[in-house]
Amino acid sequence: MSRPRPAKVVSRMQLPVPPPSDAVVLFDGNDLSQWRAAGGGEAQWIVKDGNMEAVAGGGPIYTRRGFGDIQLHVEWAAPTPARGRGQGRGNSGVFLMGKYEIQVLDSYENVTYADGQAGALYGQYPPLVNAGRPAGEWQAYDIIFRRPRFKPDGGVLRPARVTVLHNGILAQDNSEVWGPTSWLQHLPYESHPDRLPLSLQDHGNPVLYRNIWLRELDEEPRKGPAQYDTKPLVTFAPEVLDRYAGDYLEPRGGRNRIFREGSTLYVVFNLLPPIELLPHSQEEFSLRWTAAKIVFDLDAGGSPEGMTFHIGGEQRRAKKQ
Ligand code: MG
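Trainee: Where do I start with the domain arrangement of the protein in this structure?
Mentor: You'll often see interface size given as the accessible area lost when the parts meet. Entries for the protein in the domain assignment read domain 1 (24-216) and domain 2 (238-320). Put simply, the middle of domain 1 and the middle of domain 2, counted by C-alpha atoms, are 57 Å apart.

Trainee: Help me understand the coordination of the magnesium ion, please; the structure alone is not making it clear to me.
Mentor: Put simply, a metal with four donors set out as a tetrahedron has ideal angles of 109.5 degrees, and one with six donors set out as an octahedron has ideal angles of 90 or 180 degrees. Coordination of the magnesium ion by the protein is provided by Asn91 (OD1), Ser92 (O), Glu101 (OE), Gln103 (OE1) and Gln201 (OE1), with metal-donor distances spanning 2.1 to 2.4 Å. Here the donor residues of the magnesium ion share one chain and are spaced in sequence as N-S-x8-E-x1-Q-x97-Q. Here Gln201 lies in the loop between strand S14 (196-200) and strand S15 (208-216) and Ser92 lies in strand S7 (residues 92-96), a separation of 109 residues in the sequence. In this structure Gln201 comes out as buried when scored by relative accessible area, which is 16%.

Trainee: When you look at the packing of aromatic side chains in this model, what are you seeing that I'm missing?
Mentor: Both the distance between ring centres and the angle between the ring planes are used here to describe each pair of aromatic rings. Per the counting criterion, the structure on display carries 14 aromatic pairs. The interplanar angle of 55° and the centroid separation of 5.6 Å between the aromatic rings of Trp76 and Tyr141 together place this pair among those described as tilted. Taken together, the positions of Trp76 in strand S6 (residues 70-77) and Tyr141 in strand S9 (residues 139-146) put the pair 65 residues apart, joining distant regions of the chain. Its relative accessible area of 0% is what places Tyr141 among the buried residues. With a centroid separation of 5.4 Å and 20° between ring planes, the pair formed by Phe259 and Tyr266 is classed as stacked. Taken together, the aromatic side chains of Phe236, Tyr244, Tyr248, Phe285 and Phe296 make up a single cluster linked through ring pairs.

Trainee: Whenever I open this one, unusual backbone geometry confuses me. Can you help?
Mentor: Trans peptide bonds make up the majority, and among non-glycine residues the majority have a negative phi. With omega at 0°, the peptide bond leading from Leu15 into Pro16 counts as cis. With respect to the helices and strands, Pro16 occurs in the segment before strand S1 (24-27). Thr80 connects to Pro81 through a cis peptide bond whose omega is -5°. Along the chain, Pro81 turns up in the loop between S6 and S7. Not every positive phi belongs to a glycine, and Leu184 is a case in point at roughly 65°. The topology assignment puts Leu184 in the loop between strand S13 (169-176) and S14. Its identity is not glycine, yet Trp289 carries a phi of approximately 70°, on the positive side.

Trainee: Explanation requested: the pairing of strand S23 (residues 314-320) in the structure shown.
Mentor: Successive residues of a regular strand alternate their side chains across the two faces of the sheet. In terms of strand pairing, strand S16 (residues 246-249) meets S23 through two bridges, oriented antiparallel. Counterpart to Tyr248 in the pairing with S23 is Lys320. From the end of strand S22 (residues 304-311) to the start of S23, which pair antiparallel, there are two residues, and Gly312 there has a positive phi angle of about 55°.

Reading the values: rules and limits
Residues numbered from 1 in each chain as written. Predicted model: local features only at pLDDT ≥ 70, side-chain atom pairs only at ≥ 80, totals over all residues. Heavy atoms only, no water. Domains from an automatic or database assignment. Donors = N, O, S within 2.8 Å, 3.2 Å for Na, K, Ca; no water. Helix = DSSP H or I, 4+ residues; strand = E, 2+ residues; numbered from the N terminus. Buried < 20%, exposed > 50% of the residue type's maximum accessible area, 1.4 Å probe, protein only. Phe/Tyr/Trp six-rings, centres within 6.5 Å; stacked < 30°, edge-to-face > 60°. Pairing = 2+ DSSP bridges.

Here it is, written out as structure tokens:
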């Protein structure tokens, strides 16, 4: 209780937030077909008026499918009128992979320990803000979760990380999860599958949920090969490079200047600082650190008459003056 509690911030986020086109919809207000009870049977929560309601004694519910790295949207509302206090008021929870809890609690004018209030990574990190709305009002969590990575021997390669927006306001900023969340204990990581069901907690309070969807994230973000060159592929004597120097005029009036300094050519596009050119051949030069290139039109003697600047799928021609 001595841990500082975050400041209250009033969110003006509008809800609901409809699922995007690539979302996996886990609850659209109709049924619990995407969910099951802890033991594997039908989920024992109530579906009413487009919402699902946690049932005291019904136990936690789990998604039928497993998920790893996700962007998750969950809308919830604490029971109204507000009853109980501290951890006894509107308590539920979003358990990522069934193990890592983002606390759901009625934290509107309800004091409890900082790492146990709404938006906390339970028992580990308090939220950065108290963005809680009054009981009965809809609230949202937008969660970005990167699951833990384990080594073949079961050790932790990378802990899980979680970012949480509570009603659109940053509550967890890429927090490094210490291990499964628990009451009064710090549990160590134990190697587990890459995909596990998401679960919602029954903590004895009839918390409402609606509009639950997620996007499965690429586990290894795509990295293309580097498209720029760092070394010239050919070298030319200064007197050859001097043939390229001069002004190149685009049809619409853009003026590009090429000049030599030492053994290097540079191009100046209008008023931009000079950019180094790396020769690949007599015709083709790339712009250092970029995927852009210049292809020169050479006359019979090997002197440029014009150039074509290539960048991002577009081309610009310019005539040498
Ligand atoms: Mg809870």
